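# Chain and residue survey
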Amino acid sequence: MFGRLASWTRGRLASWTRGRLAAIGGPVGFGLAAACLAACSTTIGSTTPSGKLQIVAGENFWGNIAAQIGGPHVAVTSILSDPNADPHLYESSAANALAVAEAGLVIRNGAGYDDWLSQLLGSTSHAGRRVVTVSRVLDMTGTGVNPHFWYDIPEIPRVARAVETALAELAPAHAKAFAGNLVVFDRSLGPLEAVIAEIRQRYPGYPVAYTERVPGYLLRAAGLHDETPLGFATAVEDGNDPSPEASLAMDSLVTGHKIKVLLYNAQTVSAVTQHVENLARTAGVPVVAVTETMPPSDATYQAWQLGQARALLRALGSRP
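Scope of this entry: the structure provided in the associated data block. Computed from a predicted model, the values in this text were never measured in an experiment.

### What about the pairing of strand β3 (residues 105–108)?
The side-chain alternation of β3 yields two buried faces, one formed by Leu105 and Ile107 and the other by Val106 and Arg108. Of the strand pairs in this sheet, strand β1 (residues 53–59) and β3 are connected by three bridges, and their pairing is parallel. Bridged to Ala57 within β3 is Ile107. Judged from the four bridges that link them, β3 and strand β4 (residues 130–133) form a sheet pairing that is parallel. Residue Val106 lies in a different strand from β4, and its bridge partner there is Val131. Crossover connection from β3 via helix α5 (residues 115–122) to parallel β4: handedness right-handed.

Here is the structure:
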C-alpha cells in the first residue's frame, strides 16, 4: 500500500485558502490566498503564546521522541496518530498545512513514506524553520529502501540526537535541558535493547516472515532470518496482489512450518494478509501483530516497541 500515499498539491491548498479568504471580499481575498501559497508566511511565529517551540512531526512516534527531548519547552503536533487508520491512505488537511507553516521544527520520515509532508513544506515558507528528515540522518535514501526506520532500534539514538541538535539551535536558552533529556532518552532504550539482545542470543538465525516490511529492521537487529518471498511484502505495501509464485511460496512457508513466527501489520489488513494470518493460526505458527503508528495505550515510543519486542520473544519461545 506504500504506493498509494496521497499527495497534497498546491492546487488543493490554494482551493482551501481561497475558500477561507473569499469572505474577505473579491480580489483582496484571492490576493491573500496567493500570498499565503507563495510565502505562508515568513512572519508566522514558531512559538506558542506561552513561548513553547512548535514542533510538527509527520508521525506520532517521531513526535513522541521529540516531546521527550524537548520537555516542557516544546509543543508537539503529530499528524499521523490514528492506529486504526491505514497511514498509506492518509490525506493532508488545511489544518496540517497551517501547523507546518507555523512550526519551528518539522520532523519527517522521508524515503517516500510521507511525501505529503514534503509537499506541505514546499508550499510554505518559514524563516529559520528547521527540518529533520530521518532518512537523511540515517543516510538511507536509496531506491527501494525500507522506510520503516522507527523499527531500527540501534539507530534511534542518531535520530534523537539530530532532534536535540535542531532544538538547541532553535532555542539555545534551553540547550542544557535538551541535552539532559537526550541522555535520559538514550538510557531509557536499555530494556528494549536488552530484549533484542536476548532474542539474538537465544534464537540466532531463526527463520521468520512478515506480511509487510514494517518490522524488518527489528528482525535484523535481533539476528533473525527473513524468509519472506521476494516481492510479497513490497506488493502488499504498494496495494497490489503478490504474484502467484510469491503467494504460493508464502503459503508453503506457513503450512510447512518453515518459519518460527509470522509478523503481520495489523494496521493495514487486506484479503491477502488476512489469508496468510489465518493460515498461520490454523497451522499453529505463532503470529505477532505490529503496527505502523504508536497506539494511544502506550505512553512512549520505548514502551510501544518494548511490548512488541517482548511479544516476539515469547512467540519464538513457543513451540508450534
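### Describing the side chain of Thr228
Looking at where Thr228 falls in the secondary structure, it is placed in the loop between β6 (225–226) and α11 (232–237). Residue Thr228 is classed as buried on the basis of its relative accessible area, which comes to 13%. Side chain to side chain, Thr228 and Asp226 meet in a polar contact 2.6 Å long. Apart from the residues lying within four places of it in its own chain, the contact partners of Thr228 are Val208, Ala209, Tyr210, Ala233, Met250 and Leu253.

### A short note on the environment of Ser243
Assignment of secondary structure puts Ser243 in the loop between α11 and α12 (244–255). Sequence-wise, Ser243 and Gly231 are 12 residues apart; in three dimensions their C-alpha atoms are separated by 7.7 Å.

### What to know about helix α14 (residues 301–317)
The terminal C-alpha atoms of α14 lie 25 Å apart, and with 17 residues this matches the ideal 24 Å at 1.5 Å per residue to within 8%. Regarding α14, the residues found buried are Tyr301, Gln302, Trp304, Gln305, Leu306, Gln308, Ala309, Leu312, Leu313, Ala315 and Leu316.

### A look at the sheet that holds β1
A sheet is described by the order of its strands in space; here four strands give the open sequence β2-β1-β3-β4, paired in parallel fashion. For this open sheet the edge positions go to β2 (74–80) and β4, each flanked by a neighbour on one side alone. Averaged over all neighbouring strand pairs, the angle between strand axes comes to 15°, with direction disregarded. The pairing of β1 with β2 spans six bridges and is classified as parallel. Considered in β2, the bridge of Leu53 is made with Val74. Sitting on the sheet, helix α3 (residues 60–70) is in contact with β1, β2 and β3, with an inclination near 175° to β2.

### With respect to the side chain of Arg108
As for its position among the elements, Arg108 is in strand β3. No salt bridge forms around the buried Arg108; measuring N to O, its nearest opposite-charge neighbour Asp114 is 6.2 Å away. Here the side chain of Arg108 touches Thr133 through a polar contact of 2.6 Å, side chain to side chain. Setting aside its immediate chain neighbours within four residues, Arg108 contacts Asp114, Leu117, Ser118, Leu121, Val131, Val132, Thr133, Val134 and Arg136.

### A few points about the packing of helix α9 (residues 190–202) against α14
One way to put it is that α9 packs onto α14 with a least axis distance of 9 Å and a crossing angle of 20°. The pairing of α9 with α14 is recorded here as roughly parallel in orientation. The crossing of α9 and α14 is left-handed. Contacts between α9 and α14 involve Pro191, Leu192, Val195, Glu198, Ile199 and Arg202 from the former and Gln305, Leu306, Ala309, Arg310, Leu312, Leu313 and Leu316 from the latter. Considering only residue class, the contact of α9 with α14 consists of nine nonpolar, one polar and three charged.

Calculation notes
Sequence order sets the numbering: in each chain, residues are counted from 1 along the sequence as written. This being a predicted model, a pLDDT of at least 70 is required before a residue's local features are given, and a value of 80 or more before pairs of side-chain atoms are given or counted; all residues contribute to the totals for chains, interfaces and linings. With hydrogens and water stripped out, all remaining heavy atoms of the structure feed into the side-chain values. Accessible area is worked out with a 1.4 Å probe on protein chains only. A residue is then buried under 20% of its type maximum, exposed over 50%, and partly exposed in between. In this description a helix means any DSSP run of H or I spanning at least four residues, a strand means any run of E spanning at least two, and both kinds are numbered starting from the N terminus. Think of it this way: DSSP has to see at least two bridges between two strands before they count as a pair. Here the term right-handed applies to a crossover when the path leading from its first strand over the helix to its second strand runs clockwise, the strands being oriented away from the viewer. In protein, a polar contact means a hydrogen-donor-capable atom and an acceptor-capable atom, both N or O and within 3.5 Å, with residues adjacent in sequence counting only if both atoms are side-chain atoms; elsewhere, any N or O pair within 3.5 Å suffices. Whether two residues are in contact is decided by their heavy atoms: any pair within 4.5 Å suffices. To estimate the expected span of a helix, count its residues, drop one, and scale the result by 1.5 Å. Only C-alpha atoms enter the line fits that serve as axes; for helices the fit covers just the stretch in contact. Angles between N-to-C directions range over 0 to 180 degrees. For the charge count, each Lys or Arg is scored as positive and each Asp or Glu as negative, with His and the chain ends excluded. Should a side-chain nitrogen of Lys or Arg be within 4 Å of a carboxyl oxygen of Asp or Glu, the pair is scored as a salt bridge. Orientation categories follow fixed angle ranges, with anything under 35 degrees roughly parallel, anything over 145 roughly antiparallel, 65 to 115 roughly perpendicular, and all other angles oblique. Whether a crossing is left-handed or right-handed is set by the direction in which the near helix is turned from the far one by less than a right angle, anticlockwise for left-handed and clockwise for right-handed. Polarity classes work like this: nonpolar for Ala, Val, Leu, Ile, Met, Phe, Trp, Tyr, Cys and Pro, charged for Asp, Glu, Lys and Arg, and polar for all others, with Gly in that last group.

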